[in-house]
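# Results of the structural survey
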Amino acid sequence: MTNSLLPTGFRDRLPPEADASARLVRAILDTAASHGYERVQAPLAEYEASLTGSLGTSARDLLRFVDPVSGETMAVRSDITGQIGRIASTRMGHHPRPVRLSYGGPVVKLRATQLRPEREMMQVGAELIGLDSVAAAIEVVSVAIEGLKAAGVKDITLDLTMPDLLDVLKPKGDREELKAALDAKDAGAVPAALAPLIAAAGALPDALDRMRAFDSEGKLKDRLDAIEAIAAAVPTDIRVTLDPTERHGFEYQTWFGFSLFSAHASGEIGRGGAYRIGKEPAIGFSAYIDPLIDAGLAQGERRRLFLPIGTMPQKAASLRAEGWVTVAQLTEEDSAEAQICTHVLRNGRPEPV
Ligand SMILES: N[C@@H](Cc1c[nH]c[nH+]1)C(=O)O
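Residues numbered from 1 in each chain as written. Predicted model: local features only at pLDDT ≥ 70, side-chain atom pairs only at ≥ 80, totals over all residues. Heavy atoms only, no water.

Going by the annotation in an unreviewed UniProt entry, the name recorded for the chain is ATP phosphoribosyltransferase regulatory subunit, with Sphingorhabdus pulchriflava given as the source organism.

Shown next as structure tokens:
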């Protein structure tokens, strides 16, 4: 990012990337729509209290400002899921459950991280509100994978996690300190009894076997059974791993969380899991479009046909109807090269430049 006119972490998308962005968003939202998810649009910014209220998230990562009109603190959204929670529990509170909603739009984070230098990202996702059963989890994971595949993503890895693991195991000691040690994968700072949780991480089914061996008292049996059932429903071309203590990016998720990666894109391309809106269970996923654009996906074929001055409008219209992108010559000096055209209309026929 070298544009010194823009704040760090913000960027323009030029051709052909801006078009790629729109296509990727469309591919994922169309997939969600085909599974019954209907789109909602929430505002880019709202009161800080309502943004954090529905999922009880922290305001630490929010870009905040005082609204000159109301005098209240407002914030730019950093995650649309919380806004969907607010909509589902208020304006759509009377809808029969489960409610299936989808969304897409930019989100902004106060600070960039080393892994993610951008502060503005395009987020697209779907949320199923009213259930967080295994069947609901299977649906959401399937829609996420199908959407990414429709966007052209290949070699996908699904990493399953158990965000509230420590709240179930209730180990002795300061839970926040333990969470921090597990987050850092700092085996030295983790009590010996919990060290197997770090060592259990890896590809399925072995990771699940290690977790079952660790769970001699059966406290985790239901969850491990659920994870096994979810993994069994994933298409066989997807690599599935389990990292039971991974909590980065899972601030509000409960019994089940997942991240999606592709061998061809850097960092996480999607994340999701079960959560609660107040007392109501829900489950969903968000995909992140920027790593996909940066990987060169959806840039399409740039087949542009240069139409010399004097081309009849009807001729131009019929070429567009055939699928051509036409670029009209408007001045004598203009050329197919200057308009990055791949073809020129000669004697009524498109010819390669
Ligand atoms: N919105 C979350 C993922 C998620 C969607 N629904 C549940 N979890 C994120 O971007 O990290």
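Now that the structure has been shown, we can carry on.
## What to know about the UniProt feature "binding site: L-histidine" (unreviewed entry) in the chain
When the UniProt feature table is mapped onto this chain numbering, "binding site: L-histidine" (unreviewed entry) sits at Asp79, Ile80, Thr81, Gln123 and Glu127. The named residues occupy 49 residues along the chain; their greatest pairwise C-alpha distance, 12.8 Å, places them in one compact cluster. With respect to the element layout, glutamine 123 can be found in strand β6 (residues 120–129). Apart from residues lying up to four places away in sequence, glutamine 123 is in contact with Asp79, Ile80, Tyr103, Gly104, Gly105, Val107, Ser286, Ala287 and Tyr288. Side chain to side chain, glutamine 123 and aspartate 79 meet in a polar contact 2.8 Å long. With respect to the helices and strands, the residue glutamate 127 is situated in strand β6. (UniProt positions renumbered as here; feature names shortened; annotations may be inferred. Helix = DSSP H or I, 4+ residues; strand = E, 2+ residues; numbered from the N terminus. Contact = heavy atoms within 4.5 Å. Polar contact = N/O pair within 3.5 Å; in protein donor to acceptor, adjacent residues only side chain to side chain.)

## Thoughts on the pattern of salt bridges
Applying the stated rule across the entire model yields 25 salt bridges. For glutamate 176, the salt bridge goes to lysine 179, with nearest N and O atoms at 3.8 Å. In this pair, glutamate 176 and lysine 179 both sit in helix α6 (residues 175–183), 3 residues apart, roughly one turn of the helix. The class of lysine 179 is buried, set by a relative accessible area of 12%. A salt bridge links arginine 247 to aspartate 183, with the shortest nitrogen-to-oxygen separation between them at 3.2 Å. Here arginine 247 is found in the loop between β9 (239–242) and β10 (257–262), whereas its partner aspartate 183 is found in helix α6, with 64 residues between them in sequence. Using a relative accessible area of 24% as the deciding quantity, one classes arginine 247 as partly exposed. On the basis of relative accessible area, aspartate 183 is assigned to the partly exposed category, the value being 22%. Salt bridges here are not isolated pairs; linked through shared partners, they connect Arg11, Arg13, Glu17, Asp290 and Asp294. (Salt bridge = Lys/Arg side-chain N within 4 Å of Asp/Glu carboxyl O. Buried < 20%, exposed > 50% of the residue type's maximum accessible area, 1.4 Å probe, protein only.)

## Let's talk about unusual backbone geometry
Put simply, arginine 97 and proline 98 share a cis peptide bond, and its omega is -5 degrees. With respect to the helices and strands, proline 98 occurs in the loop between α3 (81–89) and β5 (99–108). Residue leucine 204 is joined to proline 205 through a cis peptide bond whose omega torsion reads 5 degrees. Despite not being glycine, lysine 185 shows a phi value in the positive range, around 50 degrees. With a phi close to 35 degrees, isoleucine 340 is a non-glycine residue in the positive phi region.

## Section: the sheet that holds strand β13 (residues 304–307)
In space, the 4 strands of this open sheet follow the order β14-β13-β15-β16, with mixed pairing throughout. One side of each edge strand has no neighbouring strand; the edge strands of this open sheet are β14 (325–328) and β16 (349–352). Strand-to-strand twist of the sheet, defined as the mean angle between neighbouring strand axes without regard to direction, takes the value 35 degrees. Looking at chain direction, strand β15 (residues 343–346) and β16 are connected through 4 bridges and run antiparallel. Looking at β16, one finds that leucine 345 is bridged to proline 350. (Pairing = 2+ DSSP bridges. Axes fitted to C-alpha atoms, helices over the stretch in contact; angles between N-to-C directions.)

## Observations concerning α6
Buried within α6 are the following residues: Leu178, Lys179, Ala181 and Leu182. Considered in projection along α6, the buried side chains sweep an arc of 165 degrees and stay on one side of the axis. In α6, the exposed positions angled more than 90 degrees off the buried face are occupied by Glu176 and Glu177. Buried residues in α6 make contact with α5 (165–169) and α7 (195–200). One side-chain oxygen at the N-terminal end of α6 lies 2.9 Å from the backbone nitrogen of glutamate 176; it belongs to aspartate 174. Positive backbone phi, at 50 degrees, marks lysine 185, one or two positions downstream of α6. (Arc of directions from axis to C-beta.)

## With respect to the environment of proline 205
Relative to the helices and strands, proline 205 resides in the loop between β8 (202–203) and α8 (206–214). On the basis of relative accessibility, which here comes to 54%, the residue proline 205 falls in the exposed class. Considered as a pair, proline 205 and leucine 242 are 37 residues apart in the sequence and their alpha carbons are 8.8 Å apart.

## Describing the site of the ligand
Near the ligand there are 15 residues, and of these Asp79, Thr81, Arg271, Ser286 and Tyr288 occur at the shortest range. In the model, a nitrogen atom of the ligand is placed 2.8 Å from a nitrogen or oxygen of the aspartate 79 side chain. Notes on the ligand: free accessible area 300 Å², of which the protein chains cover 98%. (Near = heavy atom within 4 Å. Areas by Shrake-Rupley, 256 points an atom, 1.4 Å probe, with all protein chains shown as cover.)

## Examining the packing of aromatic side chains
Summed over the entire model, instances satisfying the criterion amount to 3 aromatic pairs. Measuring from ring centre to ring centre gives 5.7 Å for tyrosine 252 and tyrosine 275, while their planes differ by 75 degrees; the resulting arrangement is edge-to-face. Of this pair, tyrosine 252 sits in the loop between β9 and β10 while tyrosine 275 sits in strand β11 (residues 270–277), and the two are 23 residues apart along the sequence. Between arginine 100 and the ring centre of tyrosine 37, over which it is positioned, the NZ or CZ distance is 5.9 Å. We note arginine 303 situated over the ring of tryptophan 324; from NZ or CZ to the ring centre the distance is 4.1 Å. (Phe/Tyr/Trp six-rings, centres within 6.5 Å; stacked < 30°, edge-to-face > 60°. Lys NZ or Arg CZ within 6 Å of the ring centre and 35° of its normal.)

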